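Report on the structure
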Amino acid sequence: MKPDPSAYVDAALALHGFELTPAARAAVLQNFERSAALAAAFLDWPLGPEDEMAPVFTPVTSA
Amino acid sequence: MSATGLPMAPPSGAVALAKRIREREVTARATIEHTLADIQGRNPRSNAFTLVTGERALAQADQIDGAIARGEALAPLAGVPFAVKNLFDIAGEVTVAGSRVNRSLPPAAADAVLVERLTQAGAVLVGALNMDEYAYGFSTENSHDGPARNPHDRRCIAGGSSGGSAAAVADELVPLTLGTDTNGSIRVPSSLCGVFGLKPTYGRLSRRGSFPFVTSLDHVGPIARTLEDLALCYDLLQGPDPLDPACASRPAEAVSDALALGIDGLRIARLDGYFEAFSGPVAREAVSLACQALNVSRRVEWPMAAPGRAAAFIITGAEGGALHLANLRERYDEFEPLSRDRFIAGCLTPAAWYQRAQRVRAVYAREVAATFRDTDIFLTAATPTTAHPIGTETIDINGQAMPARPSMGVLTQPVSCIGLPVLAAPVPIAGQLPIAIQIIAAPWRERDAFRVAAALIRAGVCLAPSRPAD
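First, a word on scope: everything that follows refers to the structure included in this document.

What counts as what
Residues numbered from 1 in each chain as written. Chains lettered and ligands numbered in written order. Predicted model: local features only at pLDDT ≥ 70, side-chain atom pairs only at ≥ 80, totals over all residues. Heavy atoms only, no water. Helix = DSSP H or I, 4+ residues; strand = E, 2+ residues; numbered from the N terminus. Rg over C-alpha atoms; globule rule 2.2 N^0.38 Å. Buried < 20%, exposed > 50% of the residue type's maximum accessible area, 1.4 Å probe, protein only. Areas by Shrake-Rupley, 256 points an atom, 1.4 Å probe, with all protein chains shown as cover. Pairing = 2+ DSSP bridges. Axes fitted to C-alpha atoms, helices over the stretch in contact; angles between N-to-C directions. Contact = heavy atoms within 4.5 Å. Left-handed = near helix turned anticlockwise from the far one by under 90°. Nonpolar A, V, L, I, M, F, W, Y, C, P; charged D, E, K, R; others polar. Expected span 1.5 Å × (residues − 1). Phe/Tyr/Trp six-rings, centres within 6.5 Å; stacked < 30°, edge-to-face > 60°. Buried area = accessible area lost by both parts, 1.4 Å probe. Salt bridge = Lys/Arg side-chain N within 4 Å of Asp/Glu carboxyl O. Polar contact = N/O pair within 3.5 Å; in protein donor to acceptor, adjacent residues only side chain to side chain. Bend = angle between axes of the 7 residues up to and from the residue. Disulfide = S-S within 2.5 Å.

Here's the deal with the overall build of chain B
For chain B, the helix and strand inventory stands at 16 helices and 15 strands. What you see for chain B is a C-alpha radius of gyration of 21 Å, in line with the 23 Å of a compact globule of 470 residues. Overall, the C-alpha framework of chain B stretches about 60 × 55 × 45 Å when taken along its three principal axes. The 470 residues of chain B split such that 66% are buried.

Structure below.
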């Protein structure tokens, strides 16, 4: 069954403190669904534990 | 012909203009006064400029003329006007980054590093340029400042998000501009306006003093009408910056001397698969013309281009949204109506999706690196189509209806996702609005891309078209 992200979007909007008009909420949901459709292209991509994201953090020493 | 075998530079180009000023054919002040008058007279048609820094520009021009009168050695771009996307800091000016929200911020205390470097090189900043709000768009349909208009058809978009940067160069208001490119924001407007643009390797140029969008993907780079101008500007921008953590500690690797080298030894291929599928007929014709001129018949498919593009899309939404979360919540009405709901959707990206997108990006980068074992340069189009009318909601790409605003970056996004250097080079096609190809090189091999662009100019394939007659 295709997942329905609307409950997640409403909960996440509430968590972040957004109070949107119905029209704005619908537009956000539409954009989220577009992102979800794109994410499906890689969410199941086989990855091993060695496939790490590229870290760029540089420890800072005092001057 | 010039020493590089390229056509003689137009008199309004940066290299030619610097020479005329150096040889006292024209003063820096007269040059800048002419530029400022030109912007005042013609900018309303393209809406490329959102700020003109006339006082600062004339003061610097007078300093340059003083140095010339005293017989002092001149910097390479002395007296040449340039302008920057309005997300670069300009001392004393508010960095609006295409937004209304930022207009309440205090003015910048100092110039961005790249503005400072060009100023040190003698170039004269004359203003700031229109863009999509916070760089989140490919069209520069900016509701606060009005849309940037394509100089080749003013009903059409200039592309974005560095739309003002490409339109100002295409309309010959200034020979050089700076833009930024997170998912295609230098290459898309360069394509639609028919100018040369460079998105260097990720980490090559300092981003310090430019308003961020997506830290993982943000690049900065130059736009110009001639390849010599682009190369010289890029050479002057290079150099490490220990204060920008994303800037690599590599020495400058100049490209200007590479324009005359030719392409012997370079192995070139055309990108197939995903990239052909999202290239419309005009885009394919542009790539075919380049391939014919270079005798390129080999096609290579990049593995993971679609998941790579998707990963860039998710990373962009998550990082860009999080950056503006508080303002999106509290000042929603002040945000760009065309992108604010996309921004908020980005704020809601699950952490597991974002993290996975970053890991997929790393795997994709390795997969593509393997394709460089037997290839030095990949060619593909920079945009799926030419410019469409302002206000367009849906575009057709090979029979597939796609949302216009996010889809113009469908060919650029999989390349910037993994930080490869790309030169966007315009390929004029009779009866069509401008379009550019992407000349994609291996990391840190910008020189190879410049060599191929120079060869395509010599072959008569690449050229920035003149602005239409008034």
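Some details on the overall build of chain A
Secondary structure summary: chain A contains two helices and zero strands in total. Residues classed as buried in chain A amount to 29% of the 63 residues present. Here chain A has roughly 4600 Å² of accessible surface; of this, 63% comes from carbon and sulfur atoms.

Things to note about the sheet that holds strand S15 (residues 436-441) of chain B
Residues and elements named next belong to chain B. Read from one edge of the open sheet, eleven strands run S1-S3-S2-S6-S8-S7-S14-S15-S11-S9-S10, paired in mixed fashion. Both outer strands of the open sheet, strand S1 (49-52) and strand S10 (299-301), are each paired with one neighbouring strand and no more. Each adjacent strand pair in this sheet contributes to an overall mean axis angle of 30 degrees, direction not counted. As defined by bridge partners, strand S14 (residues 422-426) adjoins S15 across five bridges and the pair is classed as antiparallel.

Comments concerning the environment of Gln400(B)
All names here are of chain B. Relative to the elements of secondary structure, Gln400 occurs in strand S13 (residues 400-403). On a C-alpha basis, the gap between Gln400 and Phe278 in space is 9.1 Å, while along the polypeptide they are 122 residues apart. In contact with Gln400, other than residues within four places in its own chain, are Phe278 and Ile395.

Side note on the packing of helix H2 (residues 22-39) of chain A against helix H12 (residues 340-347) of chain B
Their axes nearest at 8 Å, the elements H2(A) and H12(B) cross at an angle of 60 degrees. Of the two elements, H2(A) crosses H12(B), and the hand of that crossing is right-handed. Contacts between H2(A) and H12(B) pair Ala24(A), Ala27(A), Val28(A), Asn31(A) and Phe32(A) from the former with Asp341(B), Arg342(B), Ile344(B) and Ala345(B) from the latter. Considering only residue class, the contact of H2(A) with H12(B) consists of six nonpolar, one polar and two charged.

A word on the pairing of S13(B)
Residue and element names in this part refer to chain B. Pairing analysis gives four bridges linking strand S12 (residues 394-397) to S13, with the strands arranged antiparallel. Bridging across to S13, Asp396 finds its partner in Ala401. Following S12, the chain reverses through two residues before pairing antiparallel with S13; Asn398 in that reversal takes a positive phi of roughly 50 degrees.

Focus: H2(A)
Helix length check: H2(A) (18 residues) gives 25 Å between terminal C-alpha atoms against 26 Å at 1.5 Å per residue, within 8%. Summarising the contacts, the buried residues of H2(A) are in contact with helix H1 (6-15) of chain A together with helix H10 (305-323), H12 and helix H13 (351-371) of chain B.

With respect to the side chain of Thr316(B)
Checked against the element boundaries, Thr316(B) lands in helix H10. Not counting residues up to four positions away in its chain, the partners in contact with Thr316(B) are Tyr136(B), Asn183(B), Phe213(B), Val214(B), Leu217(B), Gly321(B) and Gln413(B).

A closer look at the packing of aromatic side chains
Tallying each qualifying case throughout the model produces 14 aromatic pairs over all chains. Both rings, one in Phe32(A) and one in Trp353(B), keep their centres 5.5 Å apart while their planes meet at 25 degrees; by these two values the pair is stacked. Here Phe32(A), found in helix H2, pairs with Trp353(B), found in helix H13, and the two come from separate chains. Note on accessibility: Phe32(A) and Trp353(B) belong to one class, buried. Among the aromatic residues, those joined into a ring-pair cluster are Tyr134(B), Tyr136(B), Phe211(B), Phe213(B), Phe335(B) and Phe343(B).

A few points about the interface of chain B and chain A
Facing the 31 residues of chain B at the interface are 30 residues of chain A. In total, about 2900 Å² of surface goes out of reach between chain B and chain A, with carbon and sulfur atoms giving 73% of it. Put simply, chain B and chain A have one salt bridge between them. Between Arg366(B) and Asp51(A) there is a salt bridge, with its nearest N and O atoms 2.7 Å apart. The interface formed by chain B and chain A includes seven residue pairs in polar contact (both at pLDDT 80 or more). Elements supplying a minimum of two residues to the side of chain B that touches chain A: H10, helix H11 (325-330), H12 and H13 of chain B. Looking at the side of chain B that touches chain A, the element that brings in the most residues is H13(B), giving ten residues. Here the residues of the side of chain B that touches chain A sort into 21 nonpolar, three polar and seven charged.

So, helix H2 (residues 28-46) of chain B
Residue and element names in this part refer to chain B. With 19 residues, H2 ought to run about 27 Å at 1.5 Å a step, and its terminal C-alpha atoms sit 25 Å apart, in line with that. Of all bends in H2, the biggest is about 40 degrees, found at Gln40, and the proline Pro44 comes one to four residues later. Buried residues of H2: Ala28, Thr31, Ile32, Thr35, Leu36, Asp38, Ile39, Arg42, Asn43 and Ser46, and no others. Asn47 sits one or two residues past H2 and shows a positive phi near 55 degrees.

Remarks on the state of the cysteines
All names here are of chain B. Applying the stated criterion to the full structure yields zero disulfides over all chains. Cys233 supplies the cysteine sulfur nearest to Cys247, a cysteine that is in no disulfide, at a spacing of 15 Å. What makes Cys247 buried here is its relative accessible area of 9%.

Topic: the pairing of strand S9 (residues 268-272) of chain B
All names here are of chain B. Among the five residues that make up S9, four are buried, leaving the element largely enclosed by the rest of the structure. Relative to strand S11 (residues 377-381), S9 runs parallel, the two sharing three bridges. For Arg270, the partnering residue across the bridge sits in S11 and is Leu379.

Re the pattern of salt bridges
Residues and elements named next belong to chain B. Tallied over the full model, the rule gives 31 salt bridges over all chains. The shortest N-O distance in the salt bridge between Glu253 and Arg250 comes to 3.2 Å. With relative accessibility at 26%, the residue Glu253 sits in the partly exposed group. Looking at Arg250, the relative accessible area reads 30%, which means it is partly exposed. Close ionic contact of Glu276 with Arg299 constitutes a salt bridge, the shortest N to O distance being 3.4 Å. Taken together, the residues span a long stretch of sequence, with Glu276 in helix H8 (residues 274-277) and Arg299 in strand S10 at a distance of 23 residues. Ionic contacts of the salt-bridge type, sharing partners, join the residues Arg270, Asp272, Glu276, Arg284 and Arg299 into one network.

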